[in-house]
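# Structure assessment
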Amino acid sequence: MAGAGKRVYIKTFGCQMNEHDSEQMLALLTSHGYHGATCPEEADVILVNTCAVREKPEQKAYSIMGRLHQLKRDNPRAIVGITGCVAEQRGEGLWDHMSSLDFVLGPGKIHRLPEVLHAVDTGGDGVCATGFEDGPFVHLPLPRGCRVRASVTIMQGCNNFCSYCIVPAVRGRERSRPSKDVLAEIKSLVEQGTKEILLLGQNVNAYAKHDPAELTFPQLLAKINAIPGIERIRFTTSHPKDLTEETIRSFGHLKRLCEHCHLPFQAGSNAVLERMNRRHTREDYLALVQRLREVVPHLSITADVMVGFPGESEADFSQTMELMQVVEFDALFSFKYSPRAGTRAAQWPDDIAPAAKQRRLESLQVLQREITLKKNRRLAGEIKEVLVEGYSRHVPDQIMGRTRCNRIVNFAGGPDIMGKVVQVRITEGLQNSLRGELC
Ligand code: SAH
Ligand code: SF4
Ligand code: F3S
C-alpha cells in the first residue's frame, strides 16, 4: 500500500465541517496504509486544514506554514499540504507564504488526497487541486468503530452570500446529500454504538429545498428519529430565514431531537442586517425565538453575533445588546468583523476602529457571561438526562457528559456508565459547566 508504515499528522482550524473533513482525510489515508502521528515532527505527511472565515484563523495558517518551512529544513522528506478554506481561497498564492510547500488541496477535492500524495511522491511539484465538481455529492466513508457522538454531513456549501462571508466562495454552492445515504450512515453508526448524531451543514434548514423528490429537513429528522437505538439528534447550523414552522414543531414531537437550536442572529439592528444581506429582520428573529419557546419552553438557544460591521453605529450596537437581553441566549459565539477579500462587504470601508470593535466585543461578552451564569445557576436542584462521553478534562477524577440542552456536566462516576444515558442531579451551575451527582 502506498502509505504503508508512513505517518500522517493533521492540524485542524475552523468549524465542525472542517473537523469532519479532517476525520474523513485521516480515514482515507488510513485505508491506504498510513497511521496517525501525534506531532508534526514525527510525521511523514503533515496536513494543515485551514479556515478563512476571519482574519485571525487565516493568519494562524500562515504562521504555522512558517514553522513547517523550518521543519522541512530539518526533515526535507516530510510532505506538507495545505487543505481547507484558505487552500481554496488562495490556491497557488500559498507558495508565496511557503516556498517549500508540497501541495494545496481545496475542500471540494479531498477525495483526491491519495492521488495527490502519489504525484508528490513521484516527483510532481506544486500540485494544486481546488474547485468543486458538479455531479454526485462527494462524501468519504469514515472508519468503523464506536464513537458516542458522531457528525454526519447532510449538506455542503452555501447559497446565501451574507455580504461579510467567505464560505460560499470557499465551499461552493449548496449541495444536499441523498437522504438514503444519510440514513444508511446513521443506521450504521448507531449499530456500532453511537448514541448522538450531529447533522452538519452551513444551513441545514434548506436541506433539499429545491428538490421536490427528496425529503424535507423535518421529514428527514422524523426518519432519523425512528431509527432504533438512536438516543439523540442535533443539527447545526440554522439560518433564521429557512427555519420553518414544521421544523420548529419537530422540537415538540420528536423525542430524540435535543432541545437545543443554534440560530445565529449576527446583529440586532435591521439596518445592519440589511447590509449583511441576511434576509431576515430583528422582528423575524424575535418571532422565531418566541415560537420555539412556545413549543419547548426550556429550549436552549445559542447563536453567533458579530460586532464592528461596516457602518455599525453605537445605536446599532445597542440594539444587539438589547436583543441579547430580550432573548437571553444560553451561549453565544461572538466575533469582531474582519473584511474577507472577494466578499461584498470587503468593498466598503472597514470603518469601525479596532478599539471600538474590541470595546463592543468585551461589553457584549460581559453581558453574555452574566446571562450564561444566571441560567446555569438556575439549573441547580434539577435532574437532567446526561449522555456520558468520557473523563473530565478539567476536573480530576470526574467524568463528563452533556445534557440534552448541550451543557457540560462533571460528576463522580465510573467506567461502567461511559457512553450511557444517565440521570444526574445538578448541584451547582458554573460559568462554563455544571456540577452534578449521579441519581
Ligand atoms: N453557516 C453558518 C456560519 C458559518 S461562519 C451560519 O450562517 O450560521 C461562523 C460565524 O462566523 C458566522 O455566523 C459569523 O458570525 C462569523 N463570521 C463570518 N464571516 C465573518 C467575518 N468576515 N468577520 C467576522 N465574523 C464572521
Ligand atoms: Fe456564511 Fe451566511 Fe452562508 Fe452562513 S449562511 S455560511 S454566514 S453566507
Ligand atoms: Fe472556516 Fe471554512 Fe468552516 S472558512 S468556518 S473552515 S467552512
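Owing to the predicted nature of the structure, the values given are computational and were not obtained by experimental measurement. (Residues numbered from 1 in each chain as written. Chains lettered and ligands numbered in written order. Predicted model: local features only at pLDDT ≥ 70, side-chain atom pairs only at ≥ 80, totals over all residues. Heavy atoms only, no water.)

## Side note on helix 4 (residues 113–121)
- Residues of helix 4 that are buried include every one of Leu 113, Pro 114, Val 116, Leu 117 and Val 120, and no others. Considered in projection along helix 4, the buried side chains sweep an arc of 160 degrees and stay on one side of the axis.
- Tucked inside the fold, the buried residues of helix 4 contact helix 1 (16–30), strand 3 (45–50), strand 4 (79–84), strand 5 (103–105) and strand 6 (127–129).
- Of the residues one or two after helix 4, Gly 123 is the one with positive phi, at around 100 degrees. (Buried < 20%, exposed > 50% of the residue type's maximum accessible area, 1.4 Å probe, protein only. Helix = DSSP H or I, 4+ residues; strand = E, 2+ residues; numbered from the N terminus. Arc of directions from axis to C-beta. Contact = heavy atoms within 4.5 Å.)

## Quick look at the pattern of salt bridges
- Applying the stated rule across the entire model yields 34 salt bridges.
- Of the charged contacts, one joins Arg 282 and Glu 322 as a salt bridge, the two residues approaching to 2.7 Å between their closest N and O atoms. In this pair, Arg 282 is assigned in helix 10 (residues 282–295) and Glu 322 in helix 11 (residues 314–327), connecting sequence segments 40 residues apart.
- The partly exposed category is assigned to Glu 322, whose relative accessible area is 40%.
- A salt bridge links Lys 384 to Glu 382, with the shortest nitrogen-to-oxygen separation between them at 3.3 Å.
- Glu 382 gets classed as partly exposed once you look at its relative accessible area, which sits at 34%.
- Taken together, the shared-partner salt bridges connect Arg 149, Glu 196, Arg 232, Arg 234, Glu 259, Glu 385, Glu 389, Arg 402 and Arg 404 into one network. (Salt bridge = Lys/Arg side-chain N within 4 Å of Asp/Glu carboxyl O.)

## Structural notes on the site of ligand 2
- Residues in close proximity to ligand 2 include Cys 158, Asn 160, Phe 161, Cys 162, Tyr 164, Cys 165, Val 167, Pro 168, Gln 202, His 239 and Arg 278, which together make up its full environment.
- Counted by class, the shell around ligand 2 contains seven nonpolar, three polar and one charged residues. (Near = heavy atom within 4 Å. Nonpolar A, V, L, I, M, F, W, Y, C, P; charged D, E, K, R; others polar.)

## Some points on the packing of aromatic side chains
- Applying the stated criterion to the full structure yields eight aromatic pairs.
- An angle of 85 degrees between the planes, with centres 6.3 Å apart, marks the rings of Tyr 164 and Phe 309 as edge-to-face. Here Tyr 164 is found in the loop between strand 8 (155–156) and helix 5 (167–171), whereas its partner Phe 309 is found in the loop between strand 13 (300–307) and helix 11, with 145 residues between them in sequence.
- Pairing Phe 235 with Phe 251 gives two aromatic rings, centres 5.7 Å apart and planes at 40 degrees, and the pair type is tilted. You can see Phe 235 sitting in strand 11 (residues 232–236) and its partner Phe 251 sitting in helix 8 (residues 245–253), a full 16 residues away along the chain.
- The exposure class assigned to Phe 251 is buried, which follows from its relative accessible area of 4%.
- Of the aromatic side chains, those joined through ring pairs into one cluster are Tyr 164, Phe 309, Tyr 337 and Trp 348.
- Sitting over the face of the ring of Phe 335, Arg 54 holds its NZ or CZ atom 3.6 Å from the ring centroid. (Phe/Tyr/Trp six-rings, centres within 6.5 Å; stacked < 30°, edge-to-face > 60°. Lys NZ or Arg CZ within 6 Å of the ring centre and 35° of its normal.)

## Observations regarding the site of ligand 1
- For ligand 1, the set of nearby residues contains 15 residues, the closest of which are Arg 54, Gln 202, Gln 266, Asp 304 and Ser 338.
- Contact distances for ligand 1 include 2.8 Å between an oxygen atom and a side-chain N or O atom of Arg 54.
- Between ligand 1 and Gln 266 there is a distance of 2.7 Å, counted from an oxygen atom to a side-chain nitrogen or oxygen.
- Protein chains shield 90% of the accessible area of ligand 1, which is 550 Å² for the free molecule.
- Of all the secondary structure elements, the ones that give two or more residues to the shell around ligand 1 are strand 13 and strand 14 (331–336).
- Classifying every residue of the shell around ligand 1 gives six nonpolar, four polar and five charged. (Polar contact = N/O pair within 3.5 Å; in protein donor to acceptor, adjacent residues only side chain to side chain. Areas by Shrake-Rupley, 256 points an atom, 1.4 Å probe, with all protein chains shown as cover.)

## Section: the environment of Arg 278
- With respect to the helices and strands, Arg 278 occurs in the loop between helix 9 (270–275) and helix 10.
- Residue classification places Arg 278 among the buried positions, given a relative accessible area of 4%.
- Separated by 116 residues in the primary sequence, Arg 278 and Cys 162 place their C-alpha atoms 5.8 Å from one another.
- Not counting residues within four places of it along the chain, the set of residues in contact with Arg 278 comprises Cys 162, Tyr 164, His 239, Pro 240, Lys 241, Pro 264, Gln 266 and Leu 273.

## Concerning the domain arrangement of the protein
- What the domain assignment lists for the protein is domain 1 (7–129), domain 2 (144–258) and domain 3 (383–438).
- One C-alpha centre belongs to domain 2, the other to domain 3, and the line joining them spans 26 Å.
- Of the residues lining the interface, eleven residues belong to domain 2; the matching set on domain 3 comes to twelve residues.
- Between domain 2 and domain 3, roughly 900 Å² of surface is buried when both sides are summed, and carbon and sulfur atoms account for 45% of that area. (Domains from an automatic or database assignment. Buried area = accessible area lost by both parts, 1.4 Å probe.)

## Focus on the pairing of strand 19 (residues 434–438)
- Examined bridge by bridge, strand 17 (residues 408–411) and strand 19 share three bridges and lie parallel to one another. The residue bridging Val 409 from the neighbouring strand is Leu 434, located in strand 19.
- Here strand 18 (residues 421–429) runs beside strand 19; their pairing, made up of five bridges, is antiparallel. Bridge pairing in strand 19 places Gly 429 opposite Leu 434. (Pairing = 2+ DSSP bridges.)

## Focus on the pairing of strand 18
- One ladder, built from five bridges, connects strand 15 (residues 383–391) with strand 18; its direction is antiparallel. Pairing of Glu 385 across the sheet is with Gln 423, part of strand 18.
- Between the end of strand 18 and the start of strand 19, which pair antiparallel, lie four residues.

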